[in-house]
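Residue-level listing of the chains:
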Amino acid sequence: MNNFDICLVRASLADAKKIWNMQKEAFAELFEKYQDFETSPAVEPLEKTIFRLKQPETYFYMIQLDKQTVGAVRVVDSGNNNRKRISPIFILPKFRNMGIAQKAIILAEKIHGSKNWELDTIIQEKGNCHLYEKMGYRTTEKTKIINDKLTLVFYQK
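What you see is a predicted model, and the numbers here were worked out from it, not measured in a lab.

Participant: Provide a residue-level description of the sheet that holds strand E3 (residues 68-76), including the pertinent values.
Facilitator: Taken together, seven strands build an open sheet; the order of strands is E1-E2-E3-E4-E5-E7-E6 and the sheet is mixed. Of all the strands in the sheet, the pair left with one neighbour each is strand E1 (6-10) and strand E6 (138-145). Along the sheet, successive strands turn relative to each other by an average axial angle of 30 degrees, direction set aside.

Participant: So what about unusual backbone geometry? Which residues, and what values?
Facilitator: With an omega of -5 degrees, the peptide bond between serine 87 and proline 88 qualifies as cis. Non-glycine residue aspartate 66 carries a positive phi angle of around 45 degrees. Structurally, the position occupied by aspartate 66 is in the loop between strand E2 (58-65) and E3. Taking relative accessible area as the criterion, aspartate 66 reaches 51% and is therefore assigned exposed. Despite not being glycine, asparagine 97 shows a phi value in the positive range, around 60 degrees.

Participant: Give me the lowdown on the packing of aromatic side chains, citing residues and values where you can.
Facilitator: Applying the stated criterion across every chain yields a total of four aromatic pairs. Ring geometry for phenylalanine 31 versus phenylalanine 37: centroids 5.0 Å apart, planes at 85 degrees, classification edge-to-face. Aromatic side chains tyrosine 132 and tyrosine 137 sit 6.2 Å apart centroid to centroid with 70 degrees between the ring planes, which places their arrangement in the edge-to-face category. Neither residue differs from the other here; tyrosine 132 and tyrosine 137 are each classed as buried. Joined through ring pairs, the aromatic side chains of Tyr132, Tyr137 and Tyr155 make up one cluster. Over the ring of phenylalanine 4 we find lysine 103; its NZ or CZ atom is 4.4 Å from the centre of that ring. Just above the ring of phenylalanine 154 sits the side chain of lysine 142; from NZ or CZ to the centre is 4.3 Å.

The rules behind each value
Residues numbered from 1 in each chain as written. Predicted model: local features only at pLDDT ≥ 70, side-chain atom pairs only at ≥ 80, totals over all residues. Heavy atoms only, no water. Pairing = 2+ DSSP bridges. Helix = DSSP H or I, 4+ residues; strand = E, 2+ residues; numbered from the N terminus. Axes fitted to C-alpha atoms, helices over the stretch in contact; angles between N-to-C directions. Buried < 20%, exposed > 50% of the residue type's maximum accessible area, 1.4 Å probe, protein only. Phe/Tyr/Trp six-rings, centres within 6.5 Å; stacked < 30°, edge-to-face > 60°. Lys NZ or Arg CZ within 6 Å of the ring centre and 35° of its normal.

Structural measurements only, silent on function.
Next comes the structure, spelled out in structure tokens:
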């Protein structure tokens with residue numbers, strides 16, 4: 001892993017538009033590739049980001065590289081040792097393939113505990129699957145077909 005300073009900064013409602021704009025940019029390429037009008041974060045309205053930020057079980061973090069925001073991760077954690085969920089995590093295109101997402105997940109697990117996690121990703125995106133498997137996530141064998149190009153696969157840790 002590269003040697004740089006990554007930190008998670010808890011987002012507030014005031015960050016909604018910034019998160020939403022980054023999310024649209026980060027997921028634009030996948031949206032173009034898969035034309036997923038149903039579940040793609042690239043086409044979600046700003047209101048959905050605002051709604052998530054208001055949820056008491058949602059912890060949205062800005063992912064910062066040397067004090068510059070390069071992405072975000074949302075952790076859903078209702079406490080009581082219930083399963084925690086990453087949905088979504090994203091890195092802006094020019095900061096990808098540097099190990100930032102991996103470090104962000106490690107930091108989220110330090111904050112919220114290392115057990116009982118779940119997430120889903122696009123089965124056709126081998127790089128995403130590899131990242132999560134490398135981080136100790138295992139497929140549940142559950143999948144959801146979104147369209148003829150895209151299938152979600154579900155993971156747990």
